[in-house]
Amino acid sequence: MLANSNATANLAVKDLEKAKAFYAGTLGLSQVDDMGGELIVYKSGDTLINVYHSQFAGTNKATAVTWAVGDRIGAIVESLKSKGVTFEHYDMPGLSLEGDIHVGHGMKVAWFKDPDGNILNLAGE
């Protein structure tokens, strides 16, 4: 029923101005809409990300958004680090840490958080 429909990620934040600085400034996403100062829509590739004001911001303790970046993962990690992004390090079976990138099972993954604690990641090869 939904297989041919696009999906959009939704991220709750406490402060939309701080979120705007992170998503547009740090991550370089393009803002495509602003709905009354309560919701900002960003374009990422062919998808959209809704960043909205919520009292429940940062309560999700699981990965909220994944970007598939292929072999560019190392360069993107370094670029984000130069902009002040701190990467998370997790102890995960079968994965070893190479710098800030978890490697194993034929994949590379790097996790980081937005200012409200939403967990985001880069998946590469």
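Just so we're clear, the structure is a prediction, and the values are computed from it rather than from any experiment.

Draft legend 1. Highlighting a negative patch on the surface. Together, Asp-15, Glu-17, Asp-33 and Asp-34 make up a region of like negative charge exposed at the surface. With respect to the secondary-structure elements, Glu-17 resides in helix H1 (residues 16-26).

Draft legend 2. Up close: the sheet that holds strand E1 (residues 9-13). In spatial order, the strands read E1-E4-E3-E2; together these four strands make up an open sheet with mixed pairing. Edge positions in the sheet fall to E1 and strand E2 (30-35), since each of these pairs with one other strand and no more. Pairs of neighbouring strands in the sheet enclose a mean axial angle of 25 degrees, with direction left out of account. Pairing between strand E3 (residues 39-44) and strand E4 (residues 47-53): six bridges, direction antiparallel. For Ile-40, the partnering residue across the bridge sits in E4 and is Val-51.

Draft legend 3. Local environment of the packing of aromatic side chains. The full count for this structure, using the stated rule, is six aromatic pairs. On the numbers, 5.1 Å between centres and 90 degrees between planes, the contact of Phe-22 with Tyr-23 is edge-to-face. An identical accessibility class is assigned to Phe-22 and Tyr-23; each is buried. Taking the centre distance of 5.5 Å and the plane angle of 65 degrees together, the rings of Phe-87 and Phe-112 count as edge-to-face.

Draft legend 4. Examining the layout of surface pockets more closely. Its boundaries defined by the atoms lining it, the largest pocket holds a volume of some 340 Å³. Taken together, 20 residues line the largest pocket, and the ones lying closest to its centre are Leu-29, Ser-44, Trp-67, Val-69 and Leu-122. Only E4, strand E5 (63-70) and helix H2 (73-82) provide two or more residues apiece to the lining of the largest pocket. Ranked by residues supplied to the lining of the largest pocket, first place goes to E5 with five residues.

Draft legend 5. Structural detail: the pattern of salt bridges. With the rule as written, the count across this model stands at two salt bridges. A salt bridge links Lys-81 to Asp-100; the nearest nitrogen and oxygen atoms lie 3.0 Å apart. Within this pair, whereas Lys-81 is found in helix H2, its partner Asp-100 is found in the loop between strand E7 (96-98) and strand E8 (101-104), the two being separated by 19 residues in sequence. Classification of Lys-81 by relative accessible area gives partly exposed; the value is 37%. With its nearest N and O atoms 3.9 Å apart, the salt bridge here joins Glu-88 to Lys-113.

Calculation criteria
- Residues numbered from 1 in each chain as written.
- Predicted model: local features only at pLDDT ≥ 70, side-chain atom pairs only at ≥ 80, totals over all residues.
- Heavy atoms only, no water.
- Patch = residues over 30% accessible without salt bridge, like charges linked within 9 Å, V, L, I, M, F, W, Y side chains within 5 Å.
- Areas by Shrake-Rupley, 256 points an atom, 1.4 Å probe, with all protein chains shown as cover.
- Salt bridge = Lys/Arg side-chain N within 4 Å of Asp/Glu carboxyl O.
- Lys, Arg positive; Asp, Glu negative; His and termini not counted.
- Charge placed at Lys NZ, Arg CZ, Asp CG, Glu CD.
- Helix = DSSP H or I, 4+ residues; strand = E, 2+ residues; numbered from the N terminus.
- Pairing = 2+ DSSP bridges.
- Axes fitted to C-alpha atoms, helices over the stretch in contact; angles between N-to-C directions.
- Phe/Tyr/Trp six-rings, centres within 6.5 Å; stacked < 30°, edge-to-face > 60°.
- Buried < 20%, exposed > 50% of the residue type's maximum accessible area, 1.4 Å probe, protein only.
- 1 Å grid on protein atoms, 1.4 Å probe; cavity = no way out; pocket = protein on both sides within 12 Å on 5 of 7 lines; lining within 4 Å.
- Points joined across faces, edges and corners; volume = space filled by probe spheres on them.

Purely geometric stuff here, so don't read any function into it on its own.
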